[in-house]
Every structure is written in C-alpha cells, then in structure tokens.
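Summary of structural features
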Amino acid sequence: MSVLNIKTKETNPFKVQKKTKLVQELADLDNEILEKLVALKKSQKALQMVTNAESWQTIKEFIM
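Residues numbered from 1 in each chain as written. Predicted model: local features only at pLDDT ≥ 70, side-chain atom pairs only at ≥ 80, totals over all residues. Heavy atoms only, no water.

**Brief notes about the environment of Leu-34**
Worth spelling out the cut-off: Numbering of helices and strands runs from the N terminus, with a helix taken as a DSSP run of H or I at least four residues long and a strand as a DSSP run of E at least two residues long. Only protein chains enter the accessibility calculation, which uses a 1.4 Å probe; a residue whose area is less than 20% of its type maximum is buried, one above 50% is exposed, and one in between is partly exposed. Contacts: residue pairs with any heavy atoms within 4.5 Å of one another.
Its location among the elements puts Leu-34 in helix H2 (residues 31-41). Leu-34 gets classed as partly exposed once you look at its relative accessible area, which sits at 26%. Ignoring anything within four residues of it in the chain, the contact list for Leu-34 reads Leu-26 and Leu-29.

Right under this line is the structure:
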C-alpha cells in the first residue's frame, strides 16, 4: 500500500478528518473513474446539481 499526501485548504480538524475518510473511500477507484469525477468537479453545472437537494435526490434515484 502506498501513502499519499494531499494538501487541503481546510483548517478545521474535524472537517479534515471527515475529508480524509471521504478521500480514502475514493482511493480504490480506477483512475478512469477518478478522472471522470474530476471532470465533474470542474463543471460549475455539475457542482450546482449536487449541491441542490432536489437535483441531488433525482441524480441518486436515477443512478442507484
């Protein structure tokens, strides 16, 4: 297993701990999937959809 250091702008230790757990959940994904997630992260429209409660619920119902 490799160790990876990631810089974050977060300073709140509780938020850093939560972010660490979330990134660890993503760590076993294939690079192809991670690249697609990064593409979504760069899309203002995608970010708006996942931060809007109704849109997020629709996305989850469609995907899951």
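**Some remarks on the packing of helix H3 (residues 44-51) against helix H4 (residues 53-63)**
Put simply, the test is: Between N-to-C directions, angles span 0 to 180 degrees; the directions come from axes that are lines fitted to C-alpha atoms, helices contributing only their stretch in contact. Roughly parallel covers angles under 35 degrees, roughly antiparallel covers those over 145, roughly perpendicular covers 65 to 115, and oblique covers all other angles. Ten residue types, Ala, Val, Leu, Ile, Met, Phe, Trp, Tyr, Cys and Pro, are classed as nonpolar, four, Asp, Glu, Lys and Arg, as charged, and the remainder, Gly among them, as polar.
Contact geometry for H3 and H4: axes closest at 5 Å, N-to-C directions at 95 degrees. In terms of their interaxial angle, H3 and H4 are classed as roughly perpendicular. Taking contact as the criterion, the partners of Met-49, Val-50 and Thr-51 in H3 are, on H4, Ala-53, Ser-55, Trp-56 and Ile-59. Per-class residue counts for the contact of H3 with H4 are 5 nonpolar, 2 polar and no charged.

**So, the pattern of salt bridges**
The cut-off we apply is this: A carboxyl oxygen of Asp or Glu within 4 Å of a side-chain nitrogen of Lys or Arg is what we treat as a salt bridge.
Applying the stated rule across the entire model yields 1 salt bridge. Between Glu-32 and Lys-36 there is a salt bridge; the shortest N-O distance is 3.4 Å. Remark: Lys-36 and Glu-32 occur in helix H2; sequence separation between them is 4 residues, near one turn of the helix. With relative accessibility at 53%, the residue Glu-32 sits in the exposed group.

**Remarks on a nonpolar patch on the surface**
The test is simple: Patches were defined on residues exceeding 30% relative accessible area and lacking a salt bridge, with like-charge contacts within 9 Å and nonpolar side-chain contacts (Val, Leu, Ile, Met, Phe, Trp, Tyr) within 5 Å. Using a 1.4 Å probe, accessible areas were evaluated by the Shrake-Rupley method; residue-level cover was limited to the displayed protein chains.
Together, Leu-26, Ile-33, Leu-37 and Leu-40 line one region of the surface with nonpolar side chains, adding up to about 320 Å² of accessible area. Of the residues forming the nonpolar patch, the biggest block, 3 residues, is contributed by H2. Within the fold, Leu-37 resides in helix H2. On the basis of relative accessible area, Leu-37 is assigned to the partly exposed category, the value being 38%.

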